[in-house]
Structure formats: C-alpha cells, structure tokens
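Read off the chains here:
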Amino acid sequence: MRNQIGREPSLLSKMGEAAATTLASVLVLAAGFAAAGYAYHKSYKYLQLKKMENAFEPGDPVLVLAAVGKEVPAPPNAQHWVMREEQAKIDSIIDGSEKGHYYLIMGEKGCGKSSMLLEAMRKIDGDGCAMLEAHADLEIFRIRLGKALDYEFHEDYIGGYFSERGPRESTALLDIERAMNKLEKVALSHRAKKNKPLILIINQTHLIRDDEDGKDLLELLQQRAESWAASNLISVIFSSDDYWVYERLKMLATRLEVLPITDLPKVQAIRALQKYRQRYFSEDAKRSVLEEVYDRVGGRLSFLNRVAKSQNMLETCDRIKEMEKTWFLNQCWILGSEMDDDVMDSQKRSAAAMVLALALVDKEEEMEQTYDPEKGHVLPWYPMHKSQEIMTRADFIQEFDRLNLFTITSTAQVRASSVPMHRAFKEICAEPGFRQFLQDTLDRIAAIESLGRTRELVAKDLVLGGKYKISEHTGWGKRWEVDIKQPK
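Here goes a summary of the coordinates provided. The residue count restarts for each chain, going from 1 along the sequence in the order it is written. Where totals are concerned, whole chains, interfaces and linings use all residues; where local detail is concerned, this predicted model gives features only for residues with pLDDT of at least 70, and gives and counts side-chain atom pairs only at 80 or more. Excluded from the side-chain calculation are hydrogens and water; included are all heavy atoms of the structure.

**Observations regarding the nonpolar core**
Side chains of nonpolar character tend, in soluble globular proteins, to be buried together.
Thought 1: Of all hydrophobic cores here, the largest spans 81 residues; its most connected members are L149, L183, F328 and F406.
Thought 2: Elements are defined by DSSP. Helices are runs of H or I of four residues or more, strands are runs of E of two residues or more, and each kind is numbered from the N terminus. With 12 residues, the top contributor of residues to this core is helix α14 (residues 344–366).
Thought 3: Residue contacts for L183: discarding those within four places in its chain leaves M52, F56, L149, L198, L200, W228 and I234.
Thought 4: L290, Y294, L301 and A308 belong to the second largest nonpolar core, which has 20 residues in total. As used here, the term nonpolar core means buried Ala, Val, Leu, Ile, Met, Phe, Trp, Tyr and Cys residues forming a set that is joined through side-chain atoms within 4.5 Å. With a 1.4 Å probe rolled over the protein chains alone, any residue whose accessible area is under 20% of its type maximum counts as buried; one over 50% counts as exposed, and the rest are partly exposed. In this description, contact between two residues means that some pair of their heavy atoms is separated by no more than 4.5 Å.

In structure tokens, the structure reads:
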C-alpha cells in the first residue's frame, strides 16, 4: 500500500495531463481572441456610424472654406448677397421642407449654382448636409466622398489580421457602394429623430468622365437617389455645367427634378453690380456705366464680380471678351484651302464650330428683339437637333458644351456660352473675307473626303491586242472579277 502511494505517475498519464493543460490554454486564448475580435469588430462598426452621424451635425467644414474662397456672406455682410428667385426653392430643399425628389441644378459656369447651395447651407449652419466636389478619377471621388461623410472605407480597420481577406480589398466603385449602405443606416436614424431627410450635394458632376466607369458611377448614384427620394431618407442634389449629365440621368429618372440656373436679368444684374462696387470700393457707380457693363458682359455673376473688383470696369469688360474670343479661336480656328490632310479630323470639328457660330450671328440679324429693357440680352439659339443639322455632325455639340464654347440649356437650346462669347462670335464673323475663308475650308474638307472615297485601278502588263474583261457576279455577295485576255 505504501509503495502504491509513492509510485511515480506513468509517462502516459503525464502526457495526458500536459495535453489537457495545453488544450485548455488554447481554448482560453482562442475564446479570448474571438471575444476581443468580435468586440473590436462591433465597436468599429458602431464608431463608423457615429462618425458618419457627426458629419451631418451643424458646422460643416465646407462653410468655413467657402466663407473665404467663395465669399459666402456672414451675418454682418448679409445685405451684399444677391438674392435670386431660385434661392427660395434651394433653401426649401436644403432645410428638408421639400422632399420626395432628387435634383439636378444646371447652369453655365459662373452663374452662381455653388454659391446658392452654400448660402442655403449657411442659413441652417450645415445641419443635416454633406457636400463634396466630383472628380474624374474614381479613387479621388471615393476619397472625397469619404471625407464628406467622415468614412474611412475600412482603411484603419485592423480586424483583417484575423481573416484571410480584409474588407478593403475591393474597387473604388464597391467602396462607394459600401459607403452608401452606411449612409442609409445613418439616414434611417436621422429621420426617426428629426423627421426630415439628410442632404447629400455632389457638386460639379460634369467632371465625372463620360466613359464606362463614369456612367457606372452615375448610375450607382442615381439608383440610390431614386430609392432615397421615394422613402424620404436622403435628398441628393447634383450640380452640373454640362448637358450630358442630364441626358444620362433622364434615361432612368422617375423622381428627378431639374432646376435651371441662368444669368441674372438686367435689373438684378445692375443691382448686384452696384452692391459689389459699393462693397469693394465704397463707390456709387453711375447708372449709365452700370448699364454699359451689363451690355458688354451680361448677367453672369462671375463676370460681374470680376468687373466690380477692377479699377476700370469697362476695360475689364473688353478684356473678358478678348479672353473668350482667344479661347474660341485657339480651340476652333480654321486653316483655309491650303490645309494639310493630316489635320482633317481637327478641322472638321473646327469648321463645325465656325458654321454654328456664323448661323447664330445670322439668326440674330433676323430676330425681331435681341434686347429687352427689363430682362436684358436675348441671345439667339437653335434647338439641339437643328444645331446638329447645321453642323452636319451630331457628335461635336456636347464637346463644345464641355469646352464652354456653346452651351446646351436644360431645354436643349444651343447658344453661345455667354454674352462676351457671343460678342466674340460677331467680331470673328464680321472680319473681312471670313465667310469665303470658311467656305474654302469646307471645300477643302470635302475634297479630301472625296479623295478618301476614290479608288484608282491601274492596268498594266498588256501586250499588243490584250484586253481586260470585267464582269459582275451576284449571289450571296456582290463581287467583281477581272480577267485578262491575251491574243493567241
């Protein structure tokens, strides 16, 4: 009995005890890692949603930048703001009182689209709003969207160490889709608390490339905008200078509302110019000078602001017109009858632009009214299909719109991009010999095209009395055969 009590444990029992201890340790560690990983994963997702909710709290950083960059008026200078008729509509969209749609704000560059959006955001201190600038590169668009929503796209997620594949291994488009999923959850919580939709503004949507990747991105955004508008979760606002965005959205649109933004009419433009001048120089400009400024640059806010900041306003007006003229000539000047056939493609485009510019100038001479005492300039225009007919090409007009040579309005009217640009058209078309020079260019293009369509056959190696026999065969495919008959 004493010997049995003092006997050493067998090797097998020691191995079993060590294995059990190891297994227990592994199980404890595994359970600890699993609990820690699960807790980290849940807390990370929770913090993501809280950060995104915080992005829609009052005090948007965009307003801080805009207060300096775009001169959004602060309360002491609120009287300097140019109030437009469209501002009330945009205010109601931004503050959430108007919902059930998503919106496309269309207008030429510099007419005040971004400024009105920022002004509407300022009135509510950015509460419930997020704004980003679009970009042609999907990765940069993804980063800007993440910055606006305070979403990191799992770039700071370390839970991938516990799995074979991390959530960040994806494309930019999939990342944007994931961000939209998160935003939808935040919008549901926001609607339950405040009973109004969030506002997502995508500015300068025309910068998205008009290619397959760009179309995929725009389709993704539109699908979300449609579903969110139907459920009053989020009101998406697209802002664009170019017509192609409207064409793309229209194909799938059911809840889209288009808000066209145009130049200021004469009365408002003169009032705005007067306020600008008072603001920058504390000067009460003469009415005759203000009207002359409007006659030269129209009601484009960016032009009026530039003119108002200058010492000599009329000189600045002429400089703006010269800049527009130079831009047009650099993009679209024609080379006449001596042009080389290597520049054929670019000259087709240039000649089409000149033909359309000449047609607009000629149409102005036929119009009964080109200037309204109250509204101001009445620029000549053609319907888009008619413009394509005038140019005999359907593929150039949208490129001209992107280059800000011509503009296509929301109602598909084609005209000069601005009053200074139309003045440039008139100067170019009034130059001596321009019409003949344009006709010579068109004749040269037609001659080169004719040569390209002509094929020359050269008959050789015929001996005396030899003949060619050319015959046509019909059947599955039309073909020609050429036989040589030599004298025997």
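**Some thoughts on the pairing of strand β3 (residues 198–203)**
Thought 1: The buried fraction of β3 amounts to 6 of the 6 residues, a majority that puts the element mostly inside the structure.
Thought 2: Neither face of β3 is left uncovered, since the one carrying L198, L200 and I202 and the one carrying I199, I201 and N203 both have all their residues buried.
Thought 3: As defined by bridge partners, strand β2 (residues 129–133) adjoins β3 across 5 bridges and the pair is classed as parallel. The residue of β3 that forms the bridge with L132 is I202.
Thought 4: As for the winding sense of the linkage, the β-α-β connection from β3 through helix α8 (residues 212–231) to strand β4 (residues 234–240) is right-handed. Two strands qualify as a pair provided DSSP detects at least 2 bridges between them. Whether a crossover is right-handed comes down to one check: with the strands pointing away from the viewer, does the path from the first strand over the helix to the second run clockwise; if it does, it is right-handed.

**Digging into the packing of helix α13 (residues 313–332) against helix α17 (residues 419–429)**
Each packed pair of helices is defined by two parameters, the angle between the axes and the distance between the axes.
Thought 1: To define axes, lines are fitted to C-alpha atoms, for helices over the stretch in contact only, and angles between the resulting N-to-C directions are given on a 0 to 180 degree scale. Running from N to C, α13 and α17 point in directions that differ by 65°, and their axes come no closer than 8 Å. Put simply, α13 runs roughly perpendicular to α17. α17 is crossed by α13, and the crossing has right-handed handedness. Residues C317, D318, I320, K321, E322, E324, K325, W327, F328 and L329 of α13 form the contact with α17, whose participating residues are P420, M421, R423, A424, F425, E427 and I428.
Thought 2: Gly falls in the polar group here, along with every residue not listed as nonpolar (Ala, Val, Leu, Ile, Met, Phe, Trp, Tyr, Cys, Pro) or charged (Asp, Glu, Lys, Arg). In the contact of α13 with α17, the residues fall into 10 nonpolar, no polar and 7 charged. Just so you know how the angles are binned, under 35 degrees is roughly parallel, over 145 roughly antiparallel, 65 to 115 roughly perpendicular, and the rest oblique. Left-handed describes a crossing whose near helix is turned anticlockwise from the far helix through less than a right angle; right-handed describes the clockwise counterpart.

**Points about the packing of helix α11 (residues 287–297) against α17**
Thought 1: Contact geometry for α11 and α17: axes closest at 6 Å, N-to-C directions at 70°. Compared by their axis directions, α11 and α17 come out roughly perpendicular. Residue-level inspection shows D295, R296 and V297 of α11 in contact with α17, the latter providing V419, P420 and R423.

**Some remarks on α17**
Thought 1: In terms of residue burial, α17 counts as a mostly covered element, since 8 of its 11 residues are buried.
Thought 2: Of the positions making up α17, those classed as buried are V419, P420, M421, H422, A424, F425, I428 and C429.
Thought 3: Nitrogen and oxygen atoms within 3.5 Å of one another constitute a polar contact, given that in protein one can donate a hydrogen and the other can accept it, and given that sequence-neighbouring residues count only through two side-chain atoms. You can read the cap of α17 off the contacts: a side-chain oxygen lies 3.2 Å from the backbone nitrogen of M421, and it is on S418.

**Quick look at the environment of M339**
Thought 1: Structurally, M339 can be placed in the loop between α13 and α14.
Thought 2: It is 7.9 Å that separates the C-alpha atoms of M339 and T441, two residues lying 102 residues apart in sequence.
Thought 3: Not counting the four nearest positions on each side in its chain, M339 is found in contact with Q347, T441, R444, I445 and I448.

**Let's talk about unusual backbone geometry**
Thought 1: At D125, a residue that is not glycine, the phi angle is positive and equals roughly 60°.
Thought 2: Note that D125 resides in the loop between α5 (113–123) and β2.
Thought 3: Even without a glycine there, the phi angle at S282 is positive, about 50°.
Thought 4: Along the polypeptide, S282 turns up in the loop between α10 (266–281) and α11.
Thought 5: With a relative accessible area of 60%, S282 lands in the exposed category.

**Some remarks on the side chain of D127**
Thought 1: With respect to the helices, strands and loops of the structure, D127 is situated in the loop between α5 and β2.
Thought 2: Separated by 3.3 Å, the side chains of D127 and K194 make a polar contact.
Thought 3: Discounting chain neighbours no more than four positions away, the residues touching D127 are F56, E57, P58, K194 and K196.

**Structural notes on helix α6 (residues 138–149)**
Thought 1: In a regular helix each residue adds 1.5 Å, so 12 residues correspond to 16 Å; α6 covers 16 Å between its end C-alpha atoms and thus fits that length.
Thought 2: If you check the start of α6, you find a side-chain oxygen 2.8 Å away from the backbone N of E139, and it comes from D137.
Thought 3: At the C-terminal side of α6, D150 shows a positive phi close to 55°. How far a helix is expected to stretch is found by multiplying one less than its residue total by 1.5 Å.

Honestly, that's just the spatial picture; any functional story needs more than this.
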